[in-house]
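One-letter residues, chain by chain:
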Amino acid sequence: MPAAAPAHLDPRLLRAFLAVADELHFTRAAARLYVAQQALSRDVRRLERELGAELFVRTTRHVTLTADGERLVPYARRALQAQDDLLAVFGQARPLLVDLNSPGLGTGRRVLHRARELAPEQELMARYESGLTGAAAELVAGRLDASFGRFAGLAPALRAGLDHQPVRYEPMAIVLPEDHPLAALERVPLAALAGETVYAGAGNPRTPEWTDLAHRLFDGRGIEVAPPAPLAVGDEEFRRIMAKLRHPVLAVVDFPAMPGTVLRPLVDPVPLSPVSLVWRKGLTHPAFDALRHAAARLAAEEGWLEPPAEGWVSDVDSASWVYTTNGPTCASKGLA
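Residues numbered from 1 in each chain as written. Predicted model: local features only at pLDDT ≥ 70, side-chain atom pairs only at ≥ 80, totals over all residues. Heavy atoms only, no water.

The name recorded for the protein chain in an unreviewed UniProt entry is LysR family transcriptional regulator, from Streptomyces sp. R11. Taken verbatim from the UniProt record of the protein chain, the Sequence similarities (unreviewed entry) comment is "Belongs to the LysR transcriptional regulatory family." (UniProt positions renumbered as here; feature names shortened; annotations may be inferred.)

Pasting the structure below:
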């Protein structure tokens, strides 16, 4: 005889279950929820007892969902979304999780800070996923709410579940070893990079949109994209690998300083990286409106959506930015 359905399920148990279902790893799931692994395991076992069903198969090497676990996933997601929506209506929303890609980048950070000023009663929390492609999977799964980056560089399957709002044409730059011949220039013409091999994140599964933009920019200019380097985790390791390889690094003008290097803006033409605010379709949250308004206000105040006459934007990015929001208007200008 099947177990009787519980009269009540603690939402915390469903969040614990979904974290493990997403990660298929108890340690990573516990880190994501900022709880001890022992407490997470206890919550999952309690949920299994209350439902009268085994949700995971656990071995010393692997964690997999059972058939009952697979069946529970969509119901758990809908139940938690309904709870979030209800709390938002009564001003008790959970924190809005906003990915800023990297701690040193300025565009997303400035938008987040402005949104906090516009909605001081709300909690907007920063996360760092190191690339829009990496963040996009988290957005679609509901583990992040918003991110920043090059929307046109995402795979069509990811874009289908997301919306975006243009924020900035961000000028691009080059990071050079301080003893590089071009380091003496205040600005580096693109033509001066002919014959160089430039690192642009090739092989990093979280940032293919950036590597794609580099290929489009370098095409026909005699500049090569550096082959994949060991995937560095953290600023210190990235700096160590770049110092060892000594490749120039394609960046943006507010890229954080690295010891032993100089940052130089690129010119003739000025290559522009289109930065959008990106979120999953159907997102509702009282702080999200503040985030969109903050992006629109900063773009207007700083002229972020007014590219220079000598600017370069790839054709695919120009096409993706013909866009108007239902709130703040952010129509982009297409460039050849």
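A.B. asks: What exactly am I supposed to notice about the overall build of the protein chain here?
C.D. replies: Secondary structure assignment for the protein chain yields 11 helices and 13 strands. Within the protein chain, the proportion of its 336 residues that are buried is 47%. Total accessible area on the protein chain is roughly 16700 Å²; 54% of this is exposed by carbon and sulfur atoms. (Helix = DSSP H or I, 4+ residues; strand = E, 2+ residues; numbered from the N terminus. Buried < 20%, exposed > 50% of the residue type's maximum accessible area, 1.4 Å probe, protein only. Areas by Shrake-Rupley, 256 points an atom, 1.4 Å probe, with all protein chains shown as cover.)

A.B. asks: Can you help me understand the packing of aromatic side chains in this one?
C.D. replies: The geometry of an aromatic ring pair comes down to the distance between the two centres and the angle between the two planes. In the structure shown here, the tally under the stated rule is 3 aromatic pairs. The ring of Tyr 75 carries the charged tip of Arg 78 above its face, separated from the ring centre by 4.9 Å. (Phe/Tyr/Trp six-rings, centres within 6.5 Å; stacked < 30°, edge-to-face > 60°. Lys NZ or Arg CZ within 6 Å of the ring centre and 35° of its normal.)

A.B. asks: How do you make sense of the pairing of strand β3 (residues 96-99) when you look at a structure like this?
C.D. replies: The two faces of a sheet get side chains in turn, since along a regular strand they alternate between them. Neither face of β3 is exposed, since Leu 96 and Val 98 on one face and Leu 97 and Asp 99 on the opposite face are all buried. The sheet contact formed by β3 and strand β4 (residues 124-127) spans 4 bridges and is parallel. Bridging from a neighbouring strand, Val 98 pairs with Ala 126 of β4. Where the polypeptide runs from β3 across helix α5 (residues 106-118) and back to β4, its parallel neighbour, the crossover connection is right-handed. (Pairing = 2+ DSSP bridges. Right-handed = clockwise from strand over helix to strand, strands pointing away.)

A.B. asks: Help me understand the packing of α5 against helix α10 (residues 286-302), please; the structure alone is not making it clear to me.
C.D. replies: What describes two packed helices is the angle between their axes and the distance between those same axes. Closest axis-to-axis distance for the α5/α10 pair is 8 Å, and the angle between their directions is 120°. One element, α5, and the other, α10, form an angle in the oblique class. For the element pair α5 and α10, the recorded crossing hand is right-handed. Along its contact with α5, which presents Arg 110, Val 111, Leu 112, Arg 114, Ala 115 and Leu 118, the element α10 presents Ala 290, Leu 291, His 293, Ala 294, Ala 295, Arg 297, Leu 298, Glu 301 and Glu 302. When grouped by side-chain class, the residues that make up the contact of α5 with α10 number 9 nonpolar, 1 polar and 5 charged. (Axes fitted to C-alpha atoms, helices over the stretch in contact; angles between N-to-C directions. Parallel < 35°, antiparallel > 145°, perpendicular 65-115°, else oblique. Left-handed = near helix turned anticlockwise from the far one by under 90°. Contact = heavy atoms within 4.5 Å. Nonpolar A, V, L, I, M, F, W, Y, C, P; charged D, E, K, R; others polar.)

A.B. asks: Even after reading the chapter, I still don't get the nonpolar core, so can you show me in this structure?
C.D. replies: If you look at soluble globular proteins, the nonpolar side chains tend to sit buried side by side. Core analysis: the largest hydrophobic core is formed by 25 residues, its most contacted members being Leu 96, Val 98, Val 111, Leu 124, Phe 148, Leu 277 and Leu 291. Looking at this core, the elements that each hand over two or more residues are β3, α5, β5 (146-149), β12 (270-280) and α10. Element by element, the count of residues in this core is highest for α10, at 8 residues. Ala 183, Val 198, Ala 200 and Ala 202 belong to the second-largest nonpolar core, a separate cluster that totals 23 residues. (Core = buried A, V, L, I, M, F, W, Y, C linked by side-chain atoms within 4.5 Å.)

A.B. asks: Even after reading the chapter, I still don't get the pairing of strand β11 (residues 261-267), so can you show me in this structure?
C.D. replies: Two elements, strand β6 (residues 162-177) and β11, share 5 bridges in a ladder whose sense is antiparallel. Note on β11: the bridge partner recorded for Ala 173 is Pro 265. Pairing of strand β7 (residues 188-189) with β11, which is carried by 2 bridges, proceeds in the parallel orientation. Counterpart to Val 188 in the pairing with β11 is Leu 266.

A.B. asks: Before we go on, may I ask you to explain helix α8 (residues 208-218) in this structure?
C.D. replies: The periodicity of an α-helix, 3.6 residues per turn, causes residues three or four places apart in sequence to face the same way. Along α8, the residues classified as buried are Glu 209, Trp 210, Thr 211, Leu 213, Ala 214, Leu 217 and Phe 218. Gly 220 sits one or two residues past α8 and shows a positive phi near 80°.

A.B. asks: Could you clarify how one ought to interpret the pattern of salt bridges in this entry?
C.D. replies: Pairs may arise between side chains of opposite charge once their charged atoms sit close together. Inspection of the entire model under this criterion finds 17 salt bridges. For the salt bridge of Arg 114 with Glu 117, the shortest nitrogen-to-oxygen distance reads 3.7 Å. Taken together, the positions of Arg 114 and Glu 117, both in helix α5 and 3 residues apart, correspond to about one turn of that helix. Note that Arg 150 and Asp 212 form a salt bridge whose closest N and O atoms lie 2.9 Å from each other. Highlighted residues: Arg 150 in the loop between β5 and α7 (156-159) and Asp 212 in helix α8, separated in sequence by 62 residues. For Asp 212, a relative accessible area of 26% puts it in the partly exposed group. Members of the salt-bridge network, linked through shared partners, are Asp 22, Arg 77, Glu 138 and Arg 143. (Salt bridge = Lys/Arg side-chain N within 4 Å of Asp/Glu carboxyl O.)

A.B. asks: I'm lost on the environment of Gln 37 in this one. Help?
C.D. replies: Considering the arrangement of structural elements, one finds Gln 37 in helix α3 (residues 37-51). Those residues within four positions of Gln 37 in sequence are excluded, and the remaining contacts are Phe 26, Thr 27 and Ala 30. Looking at Gln 37, its side chain comes within polar contact range of the side chain of Thr 27, at 2.8 Å. (Polar contact = N/O pair within 3.5 Å; in protein donor to acceptor, adjacent residues only side chain to side chain.)

A.B. asks: Teacher, can you tell me more about the side chain of Arg 168 here?
C.D. replies: For Arg 168, the location among the structural elements is in strand β6. A polar contact of 3.5 Å, which involves the side chain of Arg 168, links it to the side chain of Glu 170.

A.B. asks: What am I meant to see in the side chain of Asp 99 here?
C.D. replies: Inspection of the secondary structure puts Asp 99 in strand β3. Buried Asp 99, no salt bridge; nearest opposite-charge side chain is Arg 206, N-O distance 7.4 Å. Here the side chain of Asp 99 touches Asn 101 through a polar contact of 3.0 Å, side chain to side chain. With residues up to four places along the chain from it excluded, the contact list for Asp 99 reads Arg 127, Tyr 128, Glu 129, Ser 130, Gly 131, Ala 135, Leu 144, Ala 146, Ser 147 and Phe 148. (Lys, Arg positive; Asp, Glu negative; His and termini not counted.)

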